[in-house]
Amino acid sequence: FRELFAAYAVPYLRKGVPSLFADIKPLRAHPRTLEAVCTLADEGLASLEQTGCLPGEPARELPSTIVWTRALVAQLADLCGDSARAFTLIDAAIEHTPTCLDLYIVKARVHKHAGNPQAAADVMNTAREMDLQDRYLNTKSTRYMLRADRIADAAATIAPFSSDSNN
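Residues numbered from 1 in each chain as written. Predicted model: local features only at pLDDT ≥ 70, side-chain atom pairs only at ≥ 80, totals over all residues. Heavy atoms only, no water.

### Structural notes on helix 1 (residues 2-15)
Every α-helix winds through 3.6 residues per turn, so residues three or four apart in the chain are directed the same way.
And step 1. Compared with the 20 Å implied by 1.5 Å per residue over 14 residues, the 20 Å span of helix 1 between its first and last C-alpha is a close match.
And step 2. Bending of helix 1 peaks at approximately 30° at the position of A9, with proline P11 no more than four residues after it.
And step 3. Where helix 1 is concerned, the buried positions are F5, A9, V10 and L13.
And step 4. Buried residues belonging to helix 1 abut helix 2 (20-24), helix 3 (31-51) and helix 4 (63-79).
And step 5. G16 sits one or two residues past helix 1 and shows a positive phi near 75°. (Helix = DSSP H or I, 4+ residues; strand = E, 2+ residues; numbered from the N terminus. Expected span 1.5 Å × (residues − 1). Bend = angle between axes of the 7 residues up to and from the residue. Buried < 20%, exposed > 50% of the residue type's maximum accessible area, 1.4 Å probe, protein only. Contact = heavy atoms within 4.5 Å.)

### Some points on unusual backbone geometry
And step 1. One non-glycine residue, D149, adopts positive backbone phi at about 60°.
And step 2. Checked against the element boundaries, D149 lands in the loop between helix 8 (135-147) and helix 9 (151-158).

### Examining the side chain of N138
And step 1. Inspection of the secondary structure assignment puts N138 in helix 8.
And step 2. Among the residues examined, N138 registers a relative accessible area of 1% and is labelled buried.
And step 3. At 3.1 Å, the side chain of N138 and the backbone oxygen of L132 are in polar contact.
And step 4. Not counting residues within four places of it along the chain, the set of residues in contact with N138 comprises R128, D131, L132, T157, I158 and F161. (Polar contact = N/O pair within 3.5 Å; in protein donor to acceptor, adjacent residues only side chain to side chain.)

### A look at the pattern of salt bridges
Oppositely charged side chains are able to pair whenever their charged atoms sit close together.
And step 1. Enumeration over the complete set of coordinates arrives at eight salt bridges.
And step 2. The partner of R14 in a salt bridge is E61, and the shortest N-O contact between them spans 2.8 Å. Of the two residues, R14 is situated in helix 1 and E61 in the loop between helix 3 and helix 4; the sequence distance between them amounts to 47 residues.
And step 3. We classify R14 as partly exposed; its relative accessible area is 35%.
And step 4. Here E49 makes a salt bridge to R70, at a shortest N to O gap of 3.4 Å. Of this pair, E49 sits in helix 3 while R70 sits in helix 4, and the two are 21 residues apart along the sequence. (Salt bridge = Lys/Arg side-chain N within 4 Å of Asp/Glu carboxyl O.)

### Some remarks on the packing of helix 7 (residues 117-130) against helix 8
Each pair of packed helices can be summarised by the angle the axes make with each other and by the distance between the axes.
And step 1. Interaxial distance between helix 7 and helix 8 falls to 8 Å at its minimum, and their mutual angle equals 160°. In terms of orientation, helix 7 lies roughly antiparallel with respect to helix 8. Helix-helix and strand crossings are classified by hand; for helix 7 and helix 8 the assignment is left-handed. Residue-level inspection shows P117, A120, A121, M124, N125, A127 and R128 of helix 7 in contact with helix 8, the latter providing L137, N138, K140, S141, Y144, M145 and R147. (Axes fitted to C-alpha atoms, helices over the stretch in contact; angles between N-to-C directions. Parallel < 35°, antiparallel > 145°, perpendicular 65-115°, else oblique. Left-handed = near helix turned anticlockwise from the far one by under 90°.)

### Details of the state of the cysteines
And step 1. Following the criterion strictly, the structure yields zero disulfides and no others.
And step 2. The thiol of C80 is not disulfide-bonded; the next cysteine sulfur, from C38, is found 4.1 Å away. (Disulfide = S-S within 2.5 Å.)

### Observations concerning the nonpolar core
And step 1. By size, the foremost hydrophobic cluster in this structure holds 47 residues, and its most contacted members are I24, L72, L76, I90 and L103.
And step 2. The dominant element in this core, judged by the number of residues it contributes, is helix 4, at nine residues.
And step 3. Those residues in contact with L72 that sit more than four places away from it in its chain are L13, L20, F21 and I24. (Core = buried A, V, L, I, M, F, W, Y, C linked by side-chain atoms within 4.5 Å.)

### Comments concerning the packing of aromatic side chains
And step 1. Scanning the model with the defined rule gives two aromatic pairs in all.
And step 2. The interplanar angle of 15° and the centroid separation of 6.0 Å between the aromatic rings of F1 and F5 together place this pair among those described as stacked.
And step 3. Among the residues examined, F1 registers a relative accessible area of 48% and is labelled partly exposed.
And step 4. We note R147 situated over the ring of Y144; from NZ or CZ to the ring centre the distance is 4.8 Å. (Phe/Tyr/Trp six-rings, centres within 6.5 Å; stacked < 30°, edge-to-face > 60°. Lys NZ or Arg CZ within 6 Å of the ring centre and 35° of its normal.)

Below you can see the structure in the form of structure tokens.
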């Protein structure tokens with residue numbers, strides 16, 4: 001399993017594919033497999049942080065690989081209910097690459113799962129403000145604001161993208 005998972009996941013980590021977590025999330029239905037994935041991801045992150053290389057790889061990885069590995073491990077920690085660890089990892093990833101919008105989306109999701117809709121909305125709005133033309137980010141930010149019962153903020157956020165505002 002280790003070899004198959006590494007063969008599948010490592011190219012995604014190297015390329016910075018945010019959907020890797022979505023691909024492996026269904027493994028939560030199989031606790032032993034999910035545990036193995038978490039262990040492998042933790043080992044990969046530890047190796048990257050110590051040597052700059054993934055386990056069993058002779059060459060140093062690009063700095064972006066550690067960012068995406070931290071994001072993956074943060075999402076896995078969130079999935080397992082360890083929000084403190086998830087926040088530590090995603091904050092480290094954001095500190096490394098503060099312009100990566102996908103990292104803010106992960107952080108907002110961790111806040112949401114931790115039961116803090118206000119902080120989740122704030123983080124999602126930070127991502128939205130980094131690219132005001134992005135319809136996806138505006139919609140996500142609006143949804144997070146609605147969850148936080150910030151109706152006026154949500155209406156103002158989505159207004160530029162609604163058909164009513166064009167009249």
